[in-house]
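What follows is each chain in one-letter form.
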Amino acid sequence: MARMSVPELIRIVSRDSPMALAQVERVRAELAAVHPGVRTEVVPVKTTGDKWLGDLSQVEGKGAFTKEVDAALLAGEADLAVHCVKDVPADRPLPAGTVFAAFLKRDDIRDALVHPGGLTLDELPAGTRVGTSSVRRIAQLAATHPHLTCVPFRGNANRRLEKLAAGEADALLLAVSGLERIGRPDVISEVLSPEVMMPPIGAGILALQCREDDTDLIDAVGALGDPDTHREATAERMFLHVLQGHCNSPIAGYARVDGGGELSLRACVFTPDGKTRLNAHEWAGRLDPATLGTSVAVALLRQGAREIIDGIAH
């Protein structure tokens, strides 16, 4: 078998936030383990989403975090992009000319409560200000903890922790995987189960994106991919694609490959006030992951998900 030709230098483009750069370091370490001697360099970019701290729907929603990264890849200024799958819009295809070459082994999908006094979610007193701008978190809190007040909170995780320390909120909701990536799991006062706080589509998954004609690189980084994570990501992204959700849609869900290799997908669509919640949960059985994602989306559409999503301004 011909030995794969690994590029001598791989230029990795990423958002310039501390968490994004930590994610790149993970990729560099995994590349070095599989291809000793490969050289990598980081090409940091500042994205619209990082510069703009207002409502995301005013700057193209989720694409705000990926547009500049995609542009660097397509312009040949970088060879490989590292994305959080949850930030890559699924209601439209990847930019023409690019592909996902690998989904890394999935990290924790759960959300964490950060409370300086160490309280759990159920212990927070009425009127506690919880910092989050996520429509998914706001809708679920409104349904289960209506006595809490959500205050808009944007900025990278480090910035949000600073704002919390400055008293701009009394507690925060952040992804466990994100806090682990920036080395701050110490601030977690409670890890919330997916039953309490359903995660976003693509939670805890890092994807590597390349130009589709860069076959040597695609082969080289393919070794970093995790087959179970690939199945989960494929089901989740197809689900979101069929649903045509936008960044203001409270949609949540996660696919899971169990110990026996069986794939399932559980998903919800909420109204922003959390009063209506549509649920679906299916096992793939003999279906491929994309078909499972389609099937779960159709189950929610049958329950009226389209009306809920289209009824939300974006």
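See above for the structure.
Definitions and cut-offs
Residues numbered from 1 in each chain as written. Predicted model: local features only at pLDDT ≥ 70, side-chain atom pairs only at ≥ 80, totals over all residues. Heavy atoms only, no water. Pairing = 2+ DSSP bridges. Helix = DSSP H or I, 4+ residues; strand = E, 2+ residues; numbered from the N terminus. Axes fitted to C-alpha atoms, helices over the stretch in contact; angles between N-to-C directions. Contact = heavy atoms within 4.5 Å. Phe/Tyr/Trp six-rings, centres within 6.5 Å; stacked < 30°, edge-to-face > 60°. Lys NZ or Arg CZ within 6 Å of the ring centre and 35° of its normal. Buried < 20%, exposed > 50% of the residue type's maximum accessible area, 1.4 Å probe, protein only. Polar contact = N/O pair within 3.5 Å; in protein donor to acceptor, adjacent residues only side chain to side chain.

## A closer look at the sheet that holds strand β5 (residues 111-114)
Working step 1: One open sheet holds the five strands; their spatial order is β7-β6-β8-β5-β9, and the pairing between them is mixed. The open sheet is flanked by β7 (149-151) and β9 (190-192), the only strands paired with a single partner. Neighbour to neighbour, the strand axes of the sheet diverge by 30° on average, direction disregarded.
Working step 2: Taken together, the three bridges between β5 and β9 define a ladder with antiparallel strand orientation. Within β9, the residue paired with Asp111 across the bridge is Leu192.
Working step 3: Together, β5 and β8 (171-175) form the strand contacts of helix α5 (residues 157-165), whose direction differs from that of β8 by roughly 170°.

## Some details on the packing of aromatic side chains
Working step 1: For the structure shown, the criterion picks out one aromatic pair.
Working step 2: The ring of Phe153 carries the charged tip of Lys163 above its face, separated from the ring centre by 4.9 Å.

## What about the side chain of Gln209?
Working step 1: Along the chain, Gln209 falls in strand β10 (residues 206-211).
Working step 2: Residue class for Gln209 comes out buried when judged on its relative accessible area of 0%.
Working step 3: A polar atom in the side chain of Gln209 sits 3.4 Å from the side chain of Asp70.

## A short note on the sheet that holds strand β11 (residues 251-257)
Neighbouring strands of a sheet are bound in pairs by backbone hydrogen bonds; such pairs are parallel or else antiparallel.
Working step 1: An order of β11-β12-β13 is seen for the three strands of this open sheet, with the pairing classed as antiparallel. Where the open sheet ends on each side, the last strands, each with one partner, are β11 and β13 (277-283). Each strand of the sheet is rotated relative to its neighbour by a mean of 10°, with strand direction disregarded.
Working step 2: Direction of pairing for strand β12 (residues 263-270) relative to β13: antiparallel, over a ladder of seven bridges. What sits directly across from Arg266, in β13, is His281.

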